[in-house]
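# Summary of structural features
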Amino acid sequence: MLTVVLAGLRARWASFVGGFTALTLGVGLVAVMGLGLSATLRAPERAPERFASSPVVVQGRDRIAVEVRRGPGTAVVTTPLDRPQPVDRELLRELRARWTVTTSATDTTTPAAPAPPSATPAAPPRSATPAAGIPLAAAPPDGPDAVGVDAPAAEVRALVGDRARVLTGAERRAVDPEAARDAQALVTLNALLGTAGGVTTFVSVFVVASTFAFAVALRRREYGLLRMAGATPGQVRRMLLAEATGVGIAASAAGCLLGAWGASRLARVLVDGGAAPSWFAIDPGAAAWPYHLAFWTGTTVALAGALAASRRAGRVGPTAALREADVDADVLPRGRALLGAALLLTGVGLMVWTCVTEPSELLKRKTYTTQPMLLITGVALLSPLLVRPAARAVRLWGATGMLVRENSAAAVRRTAAVAAPVLVTVALAGTLLGSAATVTGAKAAEARRQTTAAYVTTPGKALPLPAASAPVPPAPTPVPPAPSSVPRASVASTGATSVFVREGAEALVKYGARAVADPAAWASYARLPVVAGDLRKLDDGSIVVNEEFERRTVGETVEVWRADGRGPVRLRVVAVLAKGTGANGPYVTWANAPGATVDRIDADRPVRVPGGTVRTADAWAAATHPTTTPQTRLGLLLVLGIALVYTVIALANTLLMATSVRGPELTALRLAGATRAQVLRVVAGESLLATAIGAVLGLAVTALCLGTLGTGLAALSAPVAMAVPWAALGLAAGICAAVATAAATVPAWRLSR
């Protein structure tokens with residue numbers, strides 16, 4: 001058996017080149033993504049900057065702890081705060097009484113000194129309005145969020161207890177301003193590499209399985225001869241699996257070497273593209289598990305791709321194989337049909353279920369990246385059932401057109417093998433790029449339509465909101481309605497904050513909220529999707545919630561913890577908003593948003609602030625809600641680049657194998673009077689028709705996914721701004737057509753001499 005396997009590998013090496021190349025590339029990419037994920041999980045230690053000279057750092061509490069129910073008992077859950085609480089004043093006095101305490105010059109809670117008269121900016125032009133009523137300096141803070149202490153760590157911990165955090169060594173970097181940004185960048189990078197790795201595995205399994213299946217279909221006569229020579233079905237299966245094992249081991253080893261070579265280059269691409277911090281690097285020798293994962297994944301993929309084909313090859317009978325070697329019969333086995341139908345129905349059902357029950361999930365990258373894969377795989381498995389009627393439906397004129405149509409309809413395996421990788425590429429390009437552009441476009445349109453202001457000012461640096469000077473009264477006085485004679489407010493300033501809400505008795509949920517400095521001015525500009533209530537009733541004892549809240553009835557009381565972890569505070573619901581794309585509330589006043597700063601000013605005329613940018617509302621929406629961020633665009637291009645490379649390999653390998661065995665057919669055409677140019681036009685036409693069928697199937701999957709996404713946006717009361725990436729779709733289809741034509745006509749030119 002081993003002699004037969006080695007002889008087959010030597011004699012049919014050309015048919016294994018495509019699978020070997022695809023598998024090597026797949027293993028290399030899995031190794032690279034694994035090394036990248038390892039680098040994000042084991043970021044290099046960086047020296048602290050803010051308190052580099054202090055051996056110990058005392059930081060205010062940076063987490064909120066709330067007791068919730070867990071089964072028959074209770075448990076305390078913790079959630080990170082937006083920013084640490086100030087160090088307790090009494091604790092600060094005790095520290096200063098015993099040791100030297102340093103307050104960093106870059107302390108984020110240090111009040112900004114008012115600008116001297118000489119530094120006052122020039123008067124605005126006549127068309128601009130000064131920012132009257134907008135605070136330009138913070139109220140005195142309760143204290144710094146962290147201090148450096150020159151003392152033994154054990155003694156500091158004994159004094160501090162549970163009143164604050166004590167950081168030493170590399171932990172001191174946690175209070176640096178860049179630490180949070182770097183951590184968020186690593187989380188985003190981790191998700192990007194994980195998505196790319198998942199798509200790589202999906203496409204590599206698909207391409208390798210398709211390659212082995214088509215190779216088995218071309219070798220039916222060989223298997224029939226082996227059966228006639230006395231080979232048993234088990235021996236035929238073992239021979240095919242042995243070939244796959246040999247190819248898989250060799251390709252996996254080569255892929256691991258390719259991954260080690262490409263890891264540092266991927267890091268440079270991510271840093272240059274802004275998707276990773278400037279210090280990010282990938283060390284190929286830092287971890288061994290990515291190589292194990294890649295190697296065994298490649299070997300498993302090769303065996304899995306050959307398993308189904310080997311079972312089919314083992315069922316080939318001697319007489320049937322010889323009789324049907326050149327005729328496409330039984331092109332859709334029952335197992336493949338059942339699996340394809342199951343995946344297709346599961347994909348459609350999952351999308352419909354998500355759209356009906358939780359439409360906001362459709363807007364998440366994880367959802368619109370993974371769900372289309374079920375549809376793509378299902379349609380690809382059923383492609384032999386679809387390509388024949390599709391080819392018959394095409395009307396081509398002349399003898400060449402007739403041959404193209406009939407050959408494509410008769411050679412279903414070849415046509416489906418060409419159409420399937422094109423389907424994968426076009427569908428991925430359409431669903432990924434289209435979904436991302438549709439979601440971001442909807443967010444931009446929603447942000448624009450939620451304000452009636454003519455101008456929006458974005459401060460160059462955060463403008464602090466005034467600090468609350470007293471606790472919220474238990475029974476606040478409602479804000480009286482403004483008389484009709486009072487003109488419309490000219491300035492409405494808001495800022496980002498957070499609120500924590502205990503949902504039921506089992507969970508603590510953090511909501512990104514907006515803080516309103518002047519509720520009356522804000523309500524005069526806000527055009528939010530109000531489901532119930534009145535925005536004008538917002539005051540220091542109330543809150544505007546959205547439909548995600550468990551308690552969302554007007555007049556009901558919600559118990560919330562504020563952004564600094566203090567609370568709970570009981571706030572009355574005065575209005576309920578539709579979910580939208582995720583930016584609809586909640587809204588609170590500045591009294592319930594400690595530490596919030598102004599990041600947006602709405603006005604009916606230009607408002608100038610030091611270092612701020614004044615834009616029209618349309619220009620502000622376009623600038624702050626771009627179609628796609630550079631990081632998202634880089635990630636999508638990385639994923640689509642992987643799919644396109646695999647498609648090129650699959651098309652070239654499939655058509656080279658398919659055309660190389662068409663010598664008798666092409667010779668018969670020449671003997672029937674066809675010229676060499678006509679033969680080449682027939683072969684090129686068949687490849688183009690198969691590519692077109694794959695592109696149409698990919699567009700169908702794209703239309704279904706984007707249509708479901710649009711329905712979900714409508715259910716969320718969000719703007720439906722459908723975006724179909726026609727340029728990317730045309731480019732992908734064009735590249736596929738060019739590769740398919742070249743891979744088919746080059747061997748046909750040699751065979752038709």
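Residues numbered from 1 in each chain as written. Predicted model: local features only at pLDDT ≥ 70, side-chain atom pairs only at ≥ 80, totals over all residues. Heavy atoms only, no water.

## Description of the overall build of the protein chain
The helix and strand inventory of the protein chain stands at 20 helices and 19 strands. Among the 753 residues that make up the protein chain, the fraction classed as buried is 47%. Across the protein chain, contacts joining residues at least 24 apart in sequence account for 82% of those joining residues at least 6 apart. (Helix = DSSP H or I, 4+ residues; strand = E, 2+ residues; numbered from the N terminus. Buried < 20%, exposed > 50% of the residue type's maximum accessible area, 1.4 Å probe, protein only. Contact = heavy atoms within 4.5 Å.)

## Overview of the nonpolar core
Val203, Leu270, Phe280, Ile282, Leu428 and Val701 are the most contacted members of the largest nonpolar core, which totals 90 residues. In terms of residues, this core owes the most to one element, helix H14 (residues 412-449), which gives 16 residues. Beyond its immediate chain neighbours, meaning those up to four positions away, Ile282 contacts Leu35, Gly36, Ala39, Ala263, Ser264, Leu266 and Ala267. Judged by nonpolar contacts, the second largest core, of 17 residues, contains Val501, Leu571, Val573 and Ala593. (Core = buried A, V, L, I, M, F, W, Y, C linked by side-chain atoms within 4.5 Å.)

## Describing the packing of helix H13 (residues 398-410) against helix H19 (residues 676-715)
Running from N to C, H13 and H19 cross one another at 50°; their axes reach a closest spacing of 9 Å. Comparing the axis directions of H13 and H19 gives the class oblique. Crossing geometry of H13 relative to H19 is assigned as right-handed. On H19, the residues that touch Thr400, Leu403, Val404, Arg405, Asn407 and Ser408 of H13 are Arg681, Val682, Gly685, Glu686 and Leu689. Its residues assigned to classes, the contact of H13 with H19 shows four nonpolar, four polar and three charged. (Axes fitted to C-alpha atoms, helices over the stretch in contact; angles between N-to-C directions. Parallel < 35°, antiparallel > 145°, perpendicular 65-115°, else oblique. Left-handed = near helix turned anticlockwise from the far one by under 90°. Nonpolar A, V, L, I, M, F, W, Y, C, P; charged D, E, K, R; others polar.)

## Some words on a nonpolar patch on the surface
Together, Leu699, Val724 and Trp726 make up a nonpolar patch on the protein surface, roughly 290 Å² of accessible area in all. Turning to its location among the elements, Trp726 is positioned in helix H20 (residues 726-751). Using a relative accessible area of 59% as the deciding quantity, one classes Trp726 as exposed. (Patch = residues over 30% accessible without salt bridge, like charges linked within 9 Å, V, L, I, M, F, W, Y side chains within 5 Å. Areas by Shrake-Rupley, 256 points an atom, 1.4 Å probe, with all protein chains shown as cover. Salt bridge = Lys/Arg side-chain N within 4 Å of Asp/Glu carboxyl O.)

## What to know about the pattern of salt bridges
Summed over the entire model, instances satisfying the criterion amount to 18 salt bridges. In this structure, Arg50 and Asp145 form a salt bridge, with 2.7 Å as the shortest nitrogen-oxygen distance. With Arg50 in the loop between helix H2 (13-41) and strand S1 (56-59) and Asp145 in the loop between strand S5 (129-130) and strand S6 (146-150), the pair connects residues that are 95 residues apart, well separated along the chain. By the burial criterion, Arg50 is buried, and Asp145 matches it. For Glu559, the salt bridge identified is with Arg570, shortest N-O distance 3.7 Å. Of this pair, Glu559 sits in strand S14 (residues 557-561) while Arg570 sits in strand S15 (residues 569-577), and the two are eleven residues apart along the sequence. Residue class for Arg570 comes out exposed when judged on its relative accessible area of 57%. The network of salt bridges with shared partners includes Arg392, Arg405 and Glu406.

## Considering helix H7 (residues 233-272)
A rise of 1.5 Å per residue sets the reference length of H7, with its 40 residues, at 58 Å; its end C-alpha atoms lie 55 Å apart and thus fit the reference within 8%. Gly262 marks the point of greatest bend in H7, at about 40°. With its phi angle positive at about 80°, Gly274 sits one or two positions after the end of H7. (Expected span 1.5 Å × (residues − 1). Bend = angle between axes of the 7 residues up to and from the residue.)

## Quick word on the sheet that holds strand S7 (residues 165-168)
Taken in spatial order, the four strands make up an open sheet running S4-S6-S1-S7, and their pairing is antiparallel. On the outer flanks of this sheet lie strand S4 (100-102) and S7, each paired with one strand and no other. Across the sheet, the mean angle from the axis of one strand to that of its neighbour is 30°, orientation sign disregarded. Bridging between S1 and S7 involves four bridges; their strand directions are antiparallel. Note on S7: the bridge partner recorded for Val57 is Leu167. Contacts from helix H4 (residues 153-160) reach S1, S6 and S7, with the element oriented near 170° to S7. (Pairing = 2+ DSSP bridges.)

## Quick word on the packing of aromatic side chains
All told, the structure shown has three aromatic pairs when counted by the stated rule. Ring centres 5.0 Å apart and planes at 90° place the aromatic pair Phe295 and Trp296 in the edge-to-face group. Overall, the relative accessible area of 52% leaves Trp296 in the exposed class. When the ring of Trp522 is compared with that of Tyr587, the centres are 4.9 Å apart and the planes differ by 35°; the resulting orientation is tilted. Taken together, the residues span a long stretch of sequence, with Trp522 in helix H15 (residues 519-525) and Tyr587 in strand S16 (residues 587-589) at a distance of 65 residues. (Phe/Tyr/Trp six-rings, centres within 6.5 Å; stacked < 30°, edge-to-face > 60°.)

## As for the side chain of Ser435
Within the secondary structure, Ser435 is located in helix H14. The exposure class assigned to Ser435 is buried, which follows from its relative accessible area of 3%. Side-chain polar atoms of Ser435 contact the backbone oxygen of Thr431, separated by 2.6 Å. Each residue touching Ser435, except ones within four places of it in the same chain, is listed here: Tyr368, Gly430, Leu706 and Leu709. (Polar contact = N/O pair within 3.5 Å; in protein donor to acceptor, adjacent residues only side chain to side chain.)

## Some points on the pairing of strand S11 (residues 507-516)
Pairing between strand S10 (residues 491-503) and S11: ten bridges, direction antiparallel. Residue Gly495 lies in a different strand from S11, and its bridge partner there is Ala515. Bridging between S11 and S16 involves three bridges; their strand directions are parallel. Bridge assignment links Ala515 to a residue of S16, and that residue is Val588.

## With respect to unusual backbone geometry
For residues other than glycine, phi is negative in most cases, and the peptide bonds are mostly trans. With a phi close to 60°, Ser717 is a non-glycine residue in the positive phi region. Relative to the helices and strands, Ser717 resides in the loop between H19 and H20.

## Some points on the packing of helix H12 (residues 383-393) against H14
As a packed pair, H12 and H14 sit with axes 9 Å apart at the nearest point and diverge in direction by 105°. Overall, the two elements H12 and H14 adopt an arrangement that is roughly perpendicular. Within the contact between the two elements, H12 uses Ser383, Pro384, Val387 and Arg388 and H14 uses Val412, Thr415, Ala416 and Ala419. Classifying every residue of the contact of H12 with H14 gives five nonpolar, two polar and one charged.

Structural measurements only, silent on function.
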